[in-house]
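Structure at a glance
Each chain is listed here by its residues.
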Amino acid sequence: MLNVSRPYLIGLLESGEIPFRLVGRHRRIRFADLRQYIREDDAARKGAADDLMELDQELGLP
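Computed from a prediction, not measured in an experiment: that's the story for all the values here.

Calculation notes
- Residues numbered from 1 in each chain as written.
- Predicted model: local features only at pLDDT ≥ 70, side-chain atom pairs only at ≥ 80, totals over all residues.
- Heavy atoms only, no water.
- Helix = DSSP H or I, 4+ residues; strand = E, 2+ residues; numbered from the N terminus.
- Rg over C-alpha atoms; globule rule 2.2 N^0.38 Å.
- Contact = heavy atoms within 4.5 Å.
- Areas by Shrake-Rupley, 256 points an atom, 1.4 Å probe, with all protein chains shown as cover.
- Lys, Arg positive; Asp, Glu negative; His and termini not counted.
- Charge placed at Lys NZ, Arg CZ, Asp CG, Glu CD.
- Buried < 20%, exposed > 50% of the residue type's maximum accessible area, 1.4 Å probe, protein only.

**Notes on the overall build of the protein**
- Along its length, the protein carries two helices and two strands.
- Order of helices (α) and strands (β) in the protein, N terminus to C terminus: α-β-β-α.
- The C-alpha radius of gyration of the protein comes to 16 Å, more than 25% above the 11 Å expected for a compact globule of 62 residues.
- Expressed as lengths along the three principal axes of its C-alpha atoms, the size of the protein is roughly 55 × 20 × 20 Å.
- Counting only contacts in the protein whose residues sit at least 6 apart along the sequence, the fraction spanning at least 24 positions is 28%.
- With an accessible surface of roughly 5300 Å², the protein has 54% of that area assigned to carbon and sulfur atoms.
- In the protein, 10 positive and 11 negative side-chain charges are present, and the distance between their average locations comes to 18 Å.

See the structure below:
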């Protein structure tokens, strides 16, 4: 669903970006938590793109 590498996903989990629980040695992620992360990440990306577009217009770049 995230289309990221396994090491990157584990980094997100271990840093607390996405909550998870351990069942034995396996990490379990609730679907609702995953969807929440995706929504927040999409909003952050949109905000960054809007900032770049605004800067582009201020500088008058083609």
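**Some words on the environment of Pro-7**
- As for its position among the elements, Pro-7 is in helix H1 (residues 6–15).
- Its relative accessible area of 64% is what places Pro-7 among the exposed residues.
- A sequence separation of 40 residues divides Pro-7 from Gly-47, and the C-alpha atoms of the two residues are 26 Å apart.

**Thoughts on unusual backbone geometry**
- A positive phi is found at Asn-3, a non-glycine position, where the angle reads about 60°.
- Note on placement: Asn-3 falls in the segment before H1.

Shape descriptors only; they carry no functional weight alone.
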